[in-house]
Amino acid sequence: MSAQLFRLPSGGRINRSRPLSFTFDGTRYVGFVGDTLASALLASGVRIVGRSFKLHRPRGLVGVWCEEPNAVVQLGEGAKLVSNIKATQIELFDGLHARSVNCWPSAHFDLFGVAQFLSRFMPAGFYYKTFLWPSWGWFEPLIRRAAGLGIAPTVPDPDRYEERYEHCDVLVVGAGAAGLSAALAATRSGSRVLLVDDRGVLGGSLQGEDALIEDRAAHDWVTDAEAELRAGPRTRVLTRTTAFGFYDHGLVALCERTAPALTDGSTLGAVRERLWQVRARQVVLTTGAIERPLVFANNDVPGVMLASAAMSYAVQYAVRPGERVVVVTSCDSAYEAAEALRVRGAALVAIVDTRVEPGSVAVAAKTAGTQVLTGHAPVRVLGSRAVQALEVRPLADDGRAWRSDPVTRLECDLVCVSGGWTPTVHLFSQAGGRLRYASDAVALVPDAGPSTVQCAGASAGRFSIHQCLRDGFAAGREAAQRVGAVADCGREPLAAGASTQVSPFWGSPRARGAKAWIDFQNDVTTADLELAVRENLCSVEHVKRYTTTGMAVDQGKTSNMNALGVLAKLNGVEIGRLGTTTFRPPYDPVTLGTLAGRRVREFYHPLRRTAIDAWHAAHGGVFEDFGGWRRPAWYTRSGDTREASTRNEKRAARDAVSLFDGSPLGKIEVRGPDAAIFLNRLYYNNIRTLGVGRVRYGVMLNEHGTIIDDGVCIRLAEDHFLVSTTSGGASRIFATFEDLIQCEWPDLRVLVTNVTSAWGNVAVAGPRARELMQRLGMDIDLSSGAFPHFTVRCGLVQGVPARIARVGFTGELSFEVNVPAGCTLALWETLLKLGSDLGVAPIGIDALQELRTEKGFLHVGTDTDGCTLPADVGMGDMLAKKGDDFIGRRSLTRADALREDRLQFVGVAAEDPQVVLPVGAHVVPHHKSRSGSHGYVTSSCASEAVGRSVALGLVRAGRQRLNETIHVYASGRDWPARIVSPAWYDPNGERLRA
Amino acid sequence: MLQFECPYCGRRDEPEFRWGGEVPLVRPGPPQLVSEGDWAAYLFFRDNPKGLVRERWLHALGCRQWFVVVRNTVTHEICSTSRISDPTPEVRA
């Protein structure tokens, strides 16, 4: 266990009375409550926290929060594994285990570090070159394996995630100086406020500075502000909550992380993260700004850190990031960092300012005894695994070249850099806001945007605390007024003014033999940007994708602006003219589980169940998903295979009597004086001529003429029909009915209701079906003459209202009994009991499909595809007998519909009757034919009843080719076969009409 | 995520609705008098404007009624919603 050699003896927001033990890359360390993994590692002197993506260069901490590009780690293991999470955002807990990514065996000693010596073979876009020569295929497996950072978990996520919706008057995003100020103003004005911040404590960067607000320490002011806000009855404060996206119509999405238990990191209350979808009438974005590093040779060596981050580590976490510090800057704010480190005991070697006349801050520093080198720029860092020294040199007048003076070498172990500040404008841009380049702030700041959104403070380019407080307060008050909350909110909080001058500096002049880094995480250098420009990539969107700058997990938070600056310099244009790449959510990575919420496992795709579902489960039903319903594919009896069970079920259906739960079949009531006219316009078949009490099989088409559904149409009365659809098509067909009635034919007097789940359906089918039905006891005459095939009867079955139709899918004598859904189970069990001596048996979907295949009955979607027309399945003759228009009619006379070689529905008979042809197998004219596919097998099974295998298919001009010999080909095998009629079993339908 | 003002139910979120294409869309007929070009236009051709479009949406998870929306295809601003039975809304070019 290492001692915390770099922990300051006092100060910081950490709780020294509560030490925590953790490991990183297998080594054990100690930290305190209040630490992040990053601050605790720094306190223990860990300087190398990772390896760069491409070249495996050692990398150290650069930032302090979500802008961190290097310290990407893997947290935990097994089901609790979190990949690619930044060490700066992990709140330390006892027993934490983390590993660095993209290196082996550790960040400290990485065997893949040899990649550095191959750097000249891996400039930007090198893999694109392999598409040309020699071959991408050689390199692809290697590159794919080497790419990526952490490893993904291999077991399901055990945690719970929730979803909440919120409406408020004013949403304030970011609780730094400006955000707290805005929230105070909005709360005092009387509006309903939601304040969110992605850190565990409020105050933002105030927690990491030695600042004064209202004459007291900034963090004390934060504590008071928080107390006032939390006491507000209409104000909610959410910490650990990232606003990650701004979507249409003012929807802001938040990801709230619950606090980790400090004992083992498990989340309290078992909800790990919460997705909030917020509709706010006004949004105030006080998202702050992110500091930029400077671009110079070897600027990626561990020990080069953002000045504000170094200051935060010292002030908030009581960590000394280095002993001998050099601060390199082109703006005023870094001087505060220098001072903060100096008063905490660091040796401040020098402040190097790229500006020739920095002004008052430099004067003050010199007066305090610090060496200040103005008009100087960093040449290079010396040291490879840690900073050992920094070379600096004066710049020539235009800043593009060195003056002839010699290099000054500054011995140091920490280089604090500051190239200025980049306002965090992601949410504003996602909301549709435009940006403009402000030359005084050297930043892209918000310009015109939606009227419901305001930016304030550093995110608007105003960087001093004094400006943030004033700005935020004004924005909060304005937002409240816009929603009508006009109570007096008093005056804004005050702080002393500070200078925030910054000059643009887009990289030191070239240093021989060393690279200057732009994007640390994706290993993109200035040489890569130069290459992109040389290869004539002009737009920023192209340069970004070609070099991958800004495309890593950090999404360019510390690199995008520098890349723009360098590009502008290379192209000789102003930054403002370049534009930016599009800002897209999420601002920071969001756990996939949070987006899924509770819609996982059994709630991901809940299946519907019939009224007899429990009976199926209790009697060996093996369930599968059929059209969104949980239905038994077959019933298992001890020891029987799927094939054997299906064979037994089919035998019962053909020789005795079977029961089939057909409850999911669509049932739509259509009533009204114009019901017949309406249905006549929907069906291909003629409905006008359907008599009362009769049933007709029909198909429905879409406007392309394609068959989209089939089923029976039952006429119960002159103005009353019951439409039966396929189980999977019920909702769709019903929606089509409603659509046409509301929008196309609003003058028709017809009403439709979807009663699919109101009625249960039991199909009693088989040669002994009538016998069984007669035992039920009903007021309906079931004899063949009184109740012929394709008719319907209504009555009472054992006192329960029933509609019985003589229709069937199996090809046997069949009665479909519809009773109210709640009576279905009783009917089912009664039938089983009454028919036990007849050999009654339930059949599943597998058996049903094979029975109908034997009959050559169509299954829409299996034997038809997205182009199949009625004529293709043998129903072409009906068209001439129906004069009325119907949906799809016009498409049946298109040239394509009249082609001779259309795919037509036929039977396919393998020459070897034992061969069951594979579904999807292609029909080809003869063995080794090169003429392409002539169609395919759509349904196929072995058949005891027919005495050989049977198959159906769609074959080009099939009906003109009956008895032709063809071959059936699949996966390298082929079988000779003949085209035959699809009606294999009982082709004249005698059993059906019994 | 868009919000729509359903003429019957009021303001609701996008997942409750289903899009139904541009309006007005007049179904040509009777079929024997419809040319190939007119039928193809009905099946396949749409204006797809950049800017204001008149379209219909269904409140699928609510009242199950279709209604007409005027939406800006660039900004997603919803300019108006009206019932199917109301006169077709004006759309400035």
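Residues numbered from 1 in each chain as written. Chains lettered and ligands numbered in written order. Predicted model: local features only at pLDDT ≥ 70, side-chain atom pairs only at ≥ 80, totals over all residues. Heavy atoms only, no water.

1. So, the confidence of the model for chain B
- With 98% of its residues at a pLDDT of 70 or more, chain B has an overall mean of 94.
- Across the interface, the model reports ipTM at 0.97; the global pTM reads 0.89. (pLDDT = per-residue confidence, 0-100.)

2. Examining the pairing of strand 9 (residues 193-196) of chain A
Residues and elements named next belong to chain A.
- The alternating pattern of strand 9 places V193 and L195 and L194 and V196 on opposite faces, both of which are buried.
- With 4 bridges connecting them, strand 9 and strand 12 (residues 235-238) associate as parallel partners. Each bridged residue has a counterpart across the sheet, and for V193 the counterpart in strand 12 is T235. (Buried < 20%, exposed > 50% of the residue type's maximum accessible area, 1.4 Å probe, protein only. Helix = DSSP H or I, 4+ residues; strand = E, 2+ residues; numbered from the N terminus. Pairing = 2+ DSSP bridges.)

3. Side note on the sheet that holds strand 44 (residues 841-842) of chain A
All names here are of chain A.
- Within the open sheet, the 6 strands sit side by side as 41-42-43-40-34-44. Their pairing is mixed. Sheet topology places strand 41 (792-797) and strand 44 at the edges, where each strand pairs with a single neighbour.
- Sheet topology places strand 42 (residues 800-805) next to strand 43 (residues 814-820); 3 bridges connect them, and they run antiparallel. Looking across to strand 43, one finds that A805 is bridged to E816.

4. Here we look at the sheet that holds strand 19 (residues 347-353) of chain A
Residues and elements named next belong to chain A.
- Here we have 5 strands laid out as an open sheet, ordered 17-24-18-19-20, and parallel in their pairing. For this open sheet the edge positions go to strand 17 (304-306) and strand 20 (372-374), each flanked by a neighbour on one side alone. Neighbour-to-neighbour, the strand axes of the sheet open up by a mean angle of 20 degrees, direction not taken into account.
- Direction of pairing for strand 18 (residues 324-329) relative to strand 24 (residues 414-418): parallel, over a ladder of 5 bridges. Across the sheet, the residue bridging to V325 is L414, located in strand 24.
- Against the sheet, helix 6 (residues 307-315) makes contact with strand 17 and strand 24, and its axis sits at roughly 85 degrees relative to strand 17, the strand it touches most. (Axes fitted to C-alpha atoms, helices over the stretch in contact; angles between N-to-C directions. Contact = heavy atoms within 4.5 Å.)

5. Points about the interface of chain B and chain A
- Taken together, the contact pairs 22 residues of chain B with 26 residues of chain A.
- Seen at the junction of chain B and chain A, the total is 6 salt bridges.
- As a salt-bridge pair, E738 of chain A and R64 of chain B come within 2.7 Å of each other at their nearest N and O atoms.
- Inspection of the region where chain B meets chain A yields 16 residue pairs in polar contact (both at pLDDT 80 or more).
- The element best represented in the side of chain B that touches chain A is helix 1 (residues 36-44) of chain B, accounting for 5 residues. (Salt bridge = Lys/Arg side-chain N within 4 Å of Asp/Glu carboxyl O. Polar contact = N/O pair within 3.5 Å; in protein donor to acceptor, adjacent residues only side chain to side chain.)

6. With respect to helix 17 (residues 642-655) of chain A
All names here are of chain A.
- Between its first and last C-alpha, helix 17 extends 20 Å over 14 residues, near the 20 Å set by a 1.5 Å rise per residue.
- A644, S645, T646, E649, K650, A652, A653 and R654 are the residues of helix 17 that are buried.
- Structurally, helix 17 contributes buried residues whose contacts are with strand 33 (629-635), strand 34 (658-661), strand 40 (759-765), strand 44, helix 22 (845-855) and strand 47 (935-941). (Expected span 1.5 Å × (residues − 1).)

7. So, the packing of aromatic side chains
- Tallied over the full model, the rule gives 14 aromatic pairs over all chains.
- For the pair F678 of chain A and F737 of chain A, a centre-to-centre distance of 5.3 Å together with 85 degrees between the ring planes defines the contact as edge-to-face. Highlighted residues: F678 of chain A in helix 18 (residues 675-682) and F737 of chain A in helix 19 (residues 730-744), separated in sequence by 59 residues. Assigned by exposure class, F678 of chain A and F737 of chain A land together as buried.
- Clustering of aromatic rings is evident, with ring pairs tying together F4, F17, W57 and F67 of chain B.
- Between the NZ or CZ atom of R654 of chain A and the centre of the ring of Y985 of chain A, over which it lies, the distance is 3.7 Å.
- Above the face of the W745 of chain A ring, R681 of chain A is positioned so that its terminal group lies 4.9 Å from the ring centre. (Phe/Tyr/Trp six-rings, centres within 6.5 Å; stacked < 30°, edge-to-face > 60°. Lys NZ or Arg CZ within 6 Å of the ring centre and 35° of its normal.)

8. Overview of the packing of helix 17 of chain A against helix 22 of chain A
Residues and elements named next belong to chain A.
- One can describe the packing of helix 17 onto helix 22 by two numbers: an axis separation of 9 Å at closest approach and a directional angle of 60 degrees. Taken together, the axis directions place helix 17 and helix 22 in an arrangement best described as oblique. Handedness of the crossing formed by helix 17 with helix 22: right-handed. Contacts between helix 17 and helix 22 involve R642, T646, E649, K650, A653 and R654 on the former and, on the latter, D846, A847, E850, L851 and E854.
- Split by residue class, the contact of helix 17 with helix 22 holds 3 nonpolar, 1 polar and 7 charged. (Parallel < 35°, antiparallel > 145°, perpendicular 65-115°, else oblique. Left-handed = near helix turned anticlockwise from the far one by under 90°. Nonpolar A, V, L, I, M, F, W, Y, C, P; charged D, E, K, R; others polar.)

9. Details of the pattern of salt bridges
Residue and element names in this part refer to chain A.
- Counted under the stated rule, the structure contains 66 salt bridges over all chains.
- The partner of R344 in a salt bridge is D210, and the shortest N-O contact between them spans 2.9 Å. Of the two residues, R344 sits in the loop between helix 7 (334-343) and strand 19 while D210 sits in the loop between strand 9 and strand 10 (212-213), which places them 134 residues apart along the sequence.
- We note a salt bridge from E323 to R320, for which the minimum N-O separation is 3.3 Å.
- Each of the salt bridges in this network shares a partner with another, and the network as a whole consists of K650, R654, E812, E850, E854 and R991.

10. Topic: the nonpolar core
All names here are of chain A.
- By size, the foremost hydrophobic cluster in this structure holds 93 residues, and its most contacted members are L37, L96, Y313 and L390.
- A per-element tally of this core places helix 6 first, with 7 residues.
- If sequence neighbours within four positions are ignored, L37 has contacts with F22, V73, A87, I90, L92, L96 and A98. (Core = buried A, V, L, I, M, F, W, Y, C linked by side-chain atoms within 4.5 Å.)

11. Notes on unusual backbone geometry
- Looking along the chain, the bond that leaves P585 of chain A and enters P586 of chain A is cis, with omega of 0 degrees.
- For the bond running from G29 of chain B to P30 of chain B, omega is -10 degrees, close enough to zero to count as cis.
- Mapped onto the fold, P30 of chain B is located in the loop between strand 3 (18-22) and helix 1.
- A positive phi is found at R240 of chain A, a non-glycine position, where the angle reads about 55 degrees.
- Examined against the element boundaries, R240 of chain A turns out to sit in the loop between strand 12 and strand 13 (241-247).
- Positive phi is not limited to glycine here, since N48 of chain B has a value of about 45 degrees.

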